[in-house]
Structures are given as structure tokens and as C-alpha cells.
Amino acid sequence: MNKIHEDSKVTEELITKLNSLHAKERMQIPVQEMPMQDPVERRSNIKEVALGFSEKQAIIEANRCLQCKNAPCVKACPVNIKIPDFIKKITEQKYSEAVDVIKETNVLPAICGRVCPQETQCQSGCVVGKSLKDINKAVGIGRLERFVADYDRKREQEKNNKVNLNEVSTSSKTTKKVAVIGSGPASIVVAADVRKAGHEVTVFEAFHRLGGVLLYGIPEFRLPKEIVEYEIENLRKLGVKFQTNFVFGKTRTLKALMEKDGFDAVFIGIGAGLPNFLNIPGENYVGVFSANEYLTRANLMKGYNQEQAHTPMYNAKKIAILGGGNVAMDAARTAVRLGAEEVYLIYRRSMDEMPARAEEVEHAIEEGVIFKTLCNAKQIIGNDDQCVTGIECLKYELGEEDNSGRRRPVAIKNSEFTLDIDSVIIAIGNSSNPLIKQTTPELELNERGNILVKENQETSVKNVFAGGDIVRGAATVILAMGEGRKAAAAINKALK
Amino acid sequence: MNKMNKIVKKIKISDKIFKMTVEAPLIAEERKAGQFIILSLDNDIAERIPLTIAGADIQSETIDIIFQIAGKTTKVLAQLEEGDYIANIVGPLGQPTEIKNYGHAVCVCGGIGGAPMLPIAQALKEAGNKVTVILGARSKELIVLENELRQYADEFILCTDDGSAGRKALVTEPLLELCKSADNAPDMVMTIGPPLMMKYSAETTRPFKIKTYASLNTIMIDGTGMCGGCRVTVGGENKFVCVDGPEFDAHLVDFDNMTKRLNSFKDRERQVDHHCNLDQEIAYLRSIQKDTSN
Ligand SMILES: Cc1cc2nc3c(=O)[nH]c(=O)nc-3n(C[C@H](O)[C@H](O)[C@H](O)COP(=O)(O)OP(=O)(O)OC[C@H]3O[C@@H](n4cnc5c(N)ncnc54)[C@H](O)[C@@H]3O)c2cc1C
Ligand SMILES: Cc1cc2nc3c(=O)[nH]c(=O)nc-3n(C[C@H](O)[C@H](O)[C@H](O)COP(=O)(O)OP(=O)(O)OC[C@H]3O[C@@H](n4cnc5c(N)ncnc54)[C@H](O)[C@@H]3O)c2cc1C
Ligand code: SF4
Ligand code: SF4
Ligand code: FES
């Protein structure tokens, strides 16, 4: 065990020596493990699983960084955070300055530090991880990012409790108006950057609450909603206006927004939306849900609190989740917390190809999710009332590599087997929302329904920009934010 | 845009059915016949429920909703009074009805189905159709919106299951007679009501190959195509009622599956209802509706 306890002598000793260590010695500092809620305990609550580094842990972990000159980690981060610089600040215990370094390129560090797939991004480039020949031993960049962001937020919150809100909000300096559609990470970044340039910004969101997938998709136990709300509140203080219950294209068209309501530029960040189904028999039986529906019921509608919430959750004890991404993990782990006795995760390829973050897979296993890899659903079985009673699966093996470089799963003949279950959650990805095509024909889309944009995120319509999942297809929070950044810069330029 | 979601008028239509006129300027401006809204009564634990836009007035910037008490949300909604606010209303959602001059349009409605039918019958009438309305109810006390629907009907046929008013018949009987008639056959049928009624209306017109639409009332959450909870099988394909509908070719809809899916949460909903202290809940929700006024 590498875990260092707060009170241990080793820590104290180490900390006094930290500044004078050589690279070789640094590589020997034990990896700081993330303190976690106990797996058994957390099965029955929705509180955050990863508890965050203590200050001492953060300092020790920061000292594992070799401050590489060419810093490959920076290139591996989609928004090129100056990673060695912010880590250096942590070793100097200047946490607020560390946050400032991060915020030059990433305005939502508390969120990215928690949900970025670090092992395939920043940490994949880390020299320490490479030298120790173990990606899990790379410097914990994401964890450090989270630590300083949390530190900063707590400090700000304490300060703000004493400040009158009205004093903080700025008035616009220009007469230009910008509409930001959707309130996910791409939109949050655009709203902040455009507002800071002095333009009037209104965020329009279809749901009754703000935050996009950060709110209704990613569960509380992975990303506390308090953090999302804090970021939204910061936008409010900047003077960003919000209008919820507004469906772009339906409540108002693009044309009306620009011509009638006088918006000079529009950013479209409406996410990926439409859930994919497998098109297998039985998919519309009672008890079959898309992950979007299941997670929305549980998160946004507070279904995890069945005593109070008005939105019901389906009564199921044995649940099969189809898919192997983050969404599938979130659905499986939510099912555990809602009291399912057996939760199966059915995935076509093997553990190695699973697209979910390694950490989430690990946590799911700890929480008792049963992984059925190399198999896939053939049909869903129901009773006379069309309620789910089982799922018939086929076993798979890995064949040739496909053009994504992954080995293609091939069904094994006559390998059918059946699991007794009473609910199925389908988490095999999302396509672009059909509303945009129906309501906004002037936007050019690709064959998959994603909005086509130029290098600067501008769409086929002048002064209309787009970014995030509606452009890239389902991707990641940090990529959505990166596009938001680019779009905001282009909007600010266009409105000069 | 502060003038939002205030209840300006409330009428009790029957024991369980209410009509409300609500301020919603943007929706009033954009909505078309056949579209609906989704509302919820707080930002925290309330459910989102779909209701048809039964009418709208652009001048006074209001929409009308007509609803029947079915469960928790509609029960609490019915307790709200003029001057109260509904926390969230989003819309207009769904595809508008395809309104044109079909010739003879027959509107078959049962129960609360008269409410969503109202704007459609009106629009069909304004488009120059001969409109026949067949309105069914179990018994006299349960007939709703008769006068409102009569306004737009060239011909009006009232039926009750027990014969306490109008004809003693199911709606499918006069529908069948119309289909068979030589000079008064429908060119188009629109049916809205309980799934079983819609199913049998579709079966009645099928042999005559009369274009028949049903407006489906599935369970919904977002209403924008994101959750898939509203999906139905139409002609063997998966369709989302909120973005592809709510109206579909009734001859292609799998009504059996839809009915079963509607009951997905029946046990849960009764349980929840049983547990709750409704008076407290209503007081709480009402206080919230007031808070959201600005
Ligand atoms: C369950 C789940 C888990 C995930 N886990 C991770 C993870 O661990 N790490 C990671 O990096 N990424 C993860 N992702 C992906 C990540 O959340 C998305 O890539 C990211 O949120 C996309 O941001 P966005 O701003 O493009 O849109 P979204 O976050 O999708 O926000 C779009 C917003 O637009 C609103 N909207 C849609 N249509 C309209 C309309 N017509 N009018 C007005 N508003 C509209 C929506 O209601 C929504 O609020 C996960 C996704 C899901 C679903
Ligand atoms: C597009 C659309 C338009 C609608 N228009 C109207 C309208 O104009 N007036 C009106 O009174 N109702 C309308 N409905 C039905 C209305 O949405 C439901 O009655 C409402 O959701 C019930 O909510 P509740 O919380 O009061 O009851 P719940 O506690 O949610 O449910 C009570 C009972 O009703 C059943 N139920 C749940 N949802 C529905 C549903 N969507 N349809 C039928 N039964 C349901 C449940 O199985 C349960 O047994 C419409 C539905 C749709 C999809
Ligand atoms: S590659 Fe690793 S060790 Fe080098 S600067 Fe980046 S985080 Fe530090
Ligand atoms: S934003 Fe994401 S990828 Fe970039 S440094 Fe932070 S955790 Fe790593
Ligand atoms: S209500 Fe969610 S997709 Fe239709």
C-alpha cells in the first residue's frame, strides 16, 4: 500500500526533504492514492466516491512531477494547460496562483479534474508514468487540478458569503447581444468568454435547470451538482442572463432570434441528444430504458430520492446495462445505488477495449457490477404483459482489427445464453438531436446530423457558431470546452 | 420576459377536469394546432408532464390548458388558483397537425381527448373542411367540452356507454356508419382519447382505407428527443412521440405495446400517492409557484 496517512511520520519527513530531491528520488515518491468512500458504504448513497487529496497529499504528489522542459503532458491535454507551471505552484503552496495558471486555458478545472479521461489525455504523456512503465504511476495531474480548484472554490465561497451579489454583477460595455443555446460545458465557456468581452449574453436552455449533461447525465457520486451550480452562479455574477424552458427551434427559431430579438451572434451548444437503440426484438418492452432516460430520471428529476421525488423509477432488482462507455458505467453504478441486487454490464468487446475511464470501471467492479464482456444482446424477452423477464445474449470473440484500430467483435455461432433480469438500460451512444434538422434547415449538417463548422467554429450561417457534442458527436467535456473557447474568440472578433 | 406562467383564469369544467389560461407569450405566438407543452411545479422534485395547448390568444399572450386529474401532478395543479404561477412551462413541442382541406374530417374523441381535439377541430374547420365530431363518454356526468366542440362541428354526435346522454353506443358505432355511408364517408379521421378507443377507431376505418391519425399520449420527460421514453412502434419502426409526433398514422401504431408502456410505473405511482401528505405538499408547491414569479 502506498497510502500515506496524514499523521504518519514518513509524510512529515518527506515533506521537509521535498524541495531538495533529485529526479531519481522524485520518481521514488509513492503515488498518492485518492481517498475513497468505502465500496460497501457507497453502494447505498449518492455522495461523491472520490474524496479528494488532502493538502499534504497534494504537495507530495506535486513533487513527483519532474518539471520537464518539453512537457509532453501539456501537448496531451486537449486545451494545453501549462501543467508543470501549475504543479510547481502547488509545491510552493500557492494554490490560488495554481488555479490562475489553469484558468488561462480551462475555466472549469473542478469539473475536468474529476471527469477528464486523464489516462488517455494529459497523463498518457507523462514522463514519470513512462519511466515507471505504468500509466497508473504517472503524475496525478487531474487529481491535482481538482485539489486546487476545490481549494479555490471553498475560499471564494467563504469570501462571497460576505459580499452583496448586486455589487459583483457587471453591466455590459458594448451594445452587442449574443444568444448561447444550451447550458452544457461548451456553452458555459462561451457565455463566460463573450460576457467578459463586454457583450450582453443570454443562455437559452430547454430543461428547467442549467448545466447540460454535467447536471442530468453525470451522476452526483462522480460530479457533485453543487460544483456545477457554483459555476453557473459565477456566470450569473458576471451578468450573464438565463432563460430556461426554451427550446431552440421550437420556442423561437434561429431567424426570429436574430431578426426579431436582435441577437448579433448565436452559439449553438445543444449536445448530442438522441439515444441510439439496438433495433433488436423486445426493445420496447416495459422496463427497457435508454441510459439518457434512466439517468435523467435519477439525476435531474432526483429519482434517487424515491421517498420525495415525483418522477418514479422502475421497480427492478436485476438490471442489464448494454454498452461499455462512461454512460454505461454511470447507469450501472446508479442502478447499484437505487437498490438493484444484480447489475450486469454487457459489452461486445473485452475489458481492454472498453472506452470508459479506467477509474470508473474499477469503481464499478468494486461496487459489485458484474461484467459480461465479449457478449451482446440478441433479444429482450418479455411476459404476456410485455414486461422484461430476461435477455438472450450471444458470445463474441475478437477478430481482425477494424479501421479504428480495435479488433472487431465477431459473434460465435450457437453460443446463445439467457440471463434472468427485469430491466434493461441501453447505453450504446447518442446521435445528434433531430430537432435541429426539423427546425433549422439553413444550417449545414453532415450525414450523421452534426452541424458542420469552419476552423473557427462558424457554421454555414454568418455569425452563427456551434461547438461541443452537436459538432463532434458524443465526445468529452474538455473537448466541448475547447471548442467553446474557439467559438467565443471568433464571436468576440466578429462583433468588434 | 418576466410575464411568464401566471394563471390568469381557472374554470372547473367537471369534478376532475379544469381549464386554465396561463400567460406564456412566446408559446402563444409560435404554437400551432396539435402541439403541446411540458410543465412542472418546481425545480427540484416535481415531475414533468405533457399537456396539449388547447387554445391560445396572441393579444393577451396566453395559452389554455385543459386537464383531467390523473395522478399527483395534475392533482396539485388543480389546487392552484388564479394569480399563482406554474414554475416551468416549455413549448410548443411536437409537430403541428397537418391542416388542409381534406373534405369531410371526422374527429373522434373520448374522455379528456376532447381537449387536445379542440384546436384541431377549430383549425380543420377554418381550413374549409366539413367537420363531424364524435364525442364519447362513459356516462352523462363525464361528458366534457361538448359546447366548445359543437362550435366547430357541422355535425355533432354524442355517445355514452350507458345511454344517459346522446346515443347509447361506443364511438366506433357512429364512425362505422359514417364509413359505410355512400354520401357522407370521411376523407380523414382524427382520433384522440384512451389508447383502446384509438385502437378500435383505427380498426374501424382500416377496411375502408380512410386516412386515420391518432394523437398519442405516451409518458414523456424532456419532450425534445433526448430520453426516448416516449418511443412507440409505428409500422415496425421506433418513433419518438415528442419530436416525430404526437400524431401518427393510426393504422400503423402498435397500440398494445403503447398501452403496456403507459402503465410502466402504475404500481409506483399508487405507492407514492399513498405515502404523501397532499395538503402539505400543495402548500409547499404553491409557495414555490409564487417565488418563481420574477
Ligand atoms: C452519462 C454521461 C457520462 C459522461 N461522462 C463523461 C466523463 O466522465 N468525462 C467526459 O469528459 N465526458 C463525459 N461525458 C460526455 C460529456 O458530458 C459531453 O461530451 C459534454 O457534456 C458535451 O457538452 P456540450 O456543451 O456539447 O453539450 P451538453 O452537455 O450535452 O449540453 C447541451 C445542453 O443543450 C440543451 N439543449 C438541447 N437541445 C436544445 C434546444 N433545442 N434548445 C435549447 N437547449 C437545448 C440540453 O438540454 C443540454 O442542457 C458523459 C456523457 C454522459 C451522457
Ligand atoms: C402529447 C400529450 C398531450 C397530452 N395532453 C393532455 C391534455 O390536454 N389533458 C390531459 O388531461 N392530459 C393530457 N395528456 C396526459 C397527461 O400528460 C397525463 O395525464 C399526466 O402526465 C398525468 O400526470 P400525473 O402526475 O397527474 O399522474 P401520474 O401520477 O403521473 O399518473 C397517473 C396515472 O396516469 C397514467 N399516465 C401517466 N402518464 C400518462 C399519460 N401521458 N397519458 C395517460 N396516462 C398517463 C399513469 O400510468 C398512472 O396510472 C397528454 C399526454 C401527452 C403525451
Ligand atoms: S510529463 Fe509528467 S513529470 Fe513531466 S512535467 Fe508533465 S506532469 Fe510533470
Ligand atoms: S483539462 Fe483534463 S486533460 Fe487537461 S490537464 Fe486537466 S485533467 Fe488533464
Ligand atoms: S420525451 Fe424524451 S424523447 Fe420524447
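The rules we used
- Counting restarts for each chain: residues are numbered from 1 in the order of the written sequence.
- Chain labels run from A onward and ligand labels from 1 onward, assigned in the order the entries are written.
- Predicted model: local features are reported for residues with pLDDT of at least 70 only, side-chain atom pairs are reported and counted for 80 or more only, and whole-chain, interface and lining totals are derived from all residues.
- The basis for every side-chain value is the complete set of heavy atoms in the structure, and neither hydrogens nor water enter the calculation.
- Put simply, DSSP H or I for four residues or longer makes a helix, DSSP E for two residues or longer makes a strand, and each gets a number counted from the N terminus.
- Atoms counted for the radius of gyration: C-alpha only. Globule rule: 2.2 Å times the number of residues to the power 0.38.
- Any pair of residues with heavy atoms lying within 4.5 Å of one another is described as a contacting pair.
- We get accessible surface area from the Shrake-Rupley algorithm with a probe of 1.4 Å; when it comes to residues, only the shown protein chains can shield them.
- Three labels apply to residues, based on accessible area from a 1.4 Å probe with only protein chains included: buried if under 20% of the type maximum, exposed if over 50%, partly exposed otherwise in between.
- Helix span, as expected, comes to 1.5 Å for every residue beyond the first.
- Any two rings among Phe, Tyr and Trp, with Trp reduced to its six-membered ring, count as a pair given centres within 6.5 Å; such a pair is stacked if its planes are under 30 degrees apart, edge-to-face if over 60, and tilted if neither.
- Cation placement over rings: the criterion is NZ of Lys or CZ of Arg within 6 Å of the ring centroid and within 35° of the ring normal.
- Residue ranges for the domains originate in an automatic or database domain assignment.
- Here the buried area means the combined drop in accessible surface, using a 1.4 Å probe, for two parts upon being joined, counting both sides.
- Here a salt bridge means any side-chain nitrogen of Lys or Arg lying within 4 Å of a carboxyl oxygen belonging to Asp or Glu.
- Throughout this description, a polar contact denotes any pair of N or O atoms lying within 3.5 Å of each other; where both atoms belong to protein, one of them has to be capable of donating a hydrogen while the other can accept it, and for residues adjacent in sequence the pair is counted only when both atoms sit in side chains.
- When residues are sorted by character, Ala, Val, Leu, Ile, Met, Phe, Trp, Tyr, Cys and Pro go into the nonpolar class, Asp, Glu, Lys and Arg into the charged class, and all the rest, Gly among them, into the polar class.
- What makes two strands pair is DSSP finding at least two bridges between them.
- Being near a molecule or strand, for a residue, comes down to having at least one heavy atom within 4 Å of it.

A. A look at the overall build of chain A. Within chain A, the secondary structure is distributed over 21 helices and 14 strands. Taken over the C-alpha trace, chain A has a radius of gyration of 24 Å; the compact-globule value for 496 residues is 23 Å, and the two agree within 12%. For chain A, the C-alpha atoms occupy an extent of roughly 65 × 65 × 50 Å along the three principal directions. Pairs at least 24 apart in sequence give 67% of the contacts found in chain A among residues at least 6 apart. In the structure as shown, chain A presents an accessible area of about 21,200 Å², 49% of it carried by carbon and sulfur atoms.

B. Fine view of the overall build of chain B. For chain B, the count of helices and strands is 10 helices and 16 strands. Taken across its 294 residues, chain B has 58% of its residues classed as buried. Across chain B, contacts joining residues at least 24 apart in sequence account for 66% of those joining residues at least 6 apart. In the form shown here, chain B has an accessible surface area of approximately 12,000 Å², with 47% of it arising from carbon and sulfur atoms.

C. Fine view of helix H3 (residues 114-126) of chain B. Residue and element names in this part refer to chain B. When the terminal C-alpha atoms of H3 are compared, their 18 Å separation across 13 residues agrees well with the 18 Å that a helix rising 1.5 Å per residue should span. Burial analysis of H3 places 10 of its 13 residues in the buried class, the great majority of the element. Within H3, burial applies to Gly114, Ala115, Pro116, Met117, Leu118, Pro119, Ile120, Ala121, Ala123 and Leu124.

D. Examining the packing of aromatic side chains more closely. All names here are of chain A. Within this structure, the stated rule accounts for 11 aromatic pairs over all chains. Here the aromatic rings of Tyr95 and Tyr151 are separated by 4.7 Å at their centres, their planes lie at 65 degrees, and the arrangement is edge-to-face. Of this pair, Tyr95 sits in helix H7 (residues 95-103) while Tyr151 sits in helix H10 (residues 141-160); the two residues are 56 residues apart in sequence, bridging distant segments of the chain. Tyr95 gets classed as buried once you look at its relative accessible area, which sits at 2%. For Tyr151, a relative accessible area of 34% gives the class partly exposed. Taken together, the ring pairs connect Tyr95, Phe147 and Tyr151 into an aromatic cluster. Of note, Arg337 hangs over the ring of Phe221, and the distance from its end group to the ring centre comes to 3.8 Å. When the ring centre of Phe417 is taken as reference, the NZ or CZ atom of Lys395 above it lies at 5.6 Å.

E. A look at the domain arrangement of chain B. All names here are of chain B. Here chain B is described as being made up of domain 1 (3-94 + 266-288) and domain 2 (104-262). Computed from C-alpha atoms alone, the centre-to-centre distance between domain 1 and domain 2 is 23 Å. At the interface, 18 residues of domain 1 touch 18 residues of domain 2. Interface area for domain 1 against domain 2, summed over the two sides, is near 1,500 Å², with a carbon-plus-sulfur share of 69%. Linking domain 1 to domain 2 there are 0 salt bridges. Along the contact surface separating domain 1 from domain 2 lie 3 residue pairs in polar contact (both at pLDDT 80 or more). Put simply, the parts of the chain that give the side of domain 1 that touches domain 2 at least two residues each are strand S3 (36-40), strand S4 (49-52) and strand S6 (62-68). For the side of domain 1 that touches domain 2, the element with the most residues is S6, which contributes 3 residues.

F. Highlighting the domain arrangement of chain A. Residues and elements named next belong to chain A. The domain boundaries assigned to chain A delineate domain 1 (12-158), domain 2 (170-273 + 432-495) and domain 3 (275-429). Computed from C-alpha atoms alone, the centre-to-centre distance between domain 1 and domain 2 is 30 Å. In this complex, domain 1 contributes 23 residues to the contact, which on the side of domain 2 involves 21 residues. The contact between domain 1 and domain 2 buries some 2,000 Å² in all, and 73% of this surface belongs to carbon and sulfur atoms. Among the residues domain 1 hides against domain 2, the three largest losses belong to Val107, Leu108 and Ile111. Together they make up 28% of the total. Taken together, domain 1 and domain 2 are joined by 0 salt bridges. For the pair domain 1 and domain 2, the number of links is 3 residue pairs in polar contact (both at pLDDT 80 or more). Where the side of domain 1 that touches domain 2 is concerned, the elements lending two or more residues are helix H8 (109-115) and H10. Here the side of domain 1 that touches domain 2 is composed, by residue class, of 12 nonpolar, 4 polar and 7 charged.

G. Expanded view of the pairing of S6(B). All names here are of chain B. For S6, the buried fraction is high: 6 of the 7 residues fall into the buried class. Here strand S2 (residues 17-23) pairs with S6 via 7 bridges, running antiparallel. Note on S6: the bridge partner recorded for Val22 is Ile63. Where strand S5 (residues 55-57) meets S6, 3 bridges bridge the pair, whose relative direction is antiparallel. The residue of S6 that forms the bridge with Asp57 is Thr62. The hairpin turn running from S5 into S6, its antiparallel successor, is 4 residues long, and Glu61 in that turn takes a positive phi close to 60 degrees.

H. Structural detail: the side chain of Thr97(B). Along the chain, Thr97(B) turns up in the loop between strand S7 (88-93) and strand S8 (104-110). Residues in contact with Thr97(B), not counting those within four places in the same chain, are Ala33(B), Gly34(B), Ile120(B), Met190(B) and Glu247(B).

I. Structural detail: the site of ligand 4. The immediate surroundings of ligand 4 are formed by 13 residues, with Cys77(A), Cys116(A), Gln121(A), Cys122(A) and Glu145(A) found nearest. Across the shell around ligand 4, the residue classes break down as 9 nonpolar, 3 polar and 1 charged.

J. Structural detail: the interface of chain B and chain A. Listed as interface residues are 50 residues of chain B and, on the opposing side, 47 residues of chain A. Taking both partners together, chain B and chain A bury about 4,300 Å²; carbon and sulfur atoms supply 52% of that area. Counting across the interface, chain B meets chain A through 4 salt bridges. Taking the shortest distance from any N to any O, the salt bridge between Glu30(B) and Arg252(A) comes out at 3.5 Å. Those elements that provide at least two residues to the side of chain B that touches chain A are helix H1 (25-30), S7, strand S14 (231-234), strand S15 (237-240), helix H7 (241-244), helix H8 (255-262), helix H9 (266-275) and helix H10 (278-291) of chain B. For the side of chain B that touches chain A, the leading source of residues is S7(B), giving 6 residues.

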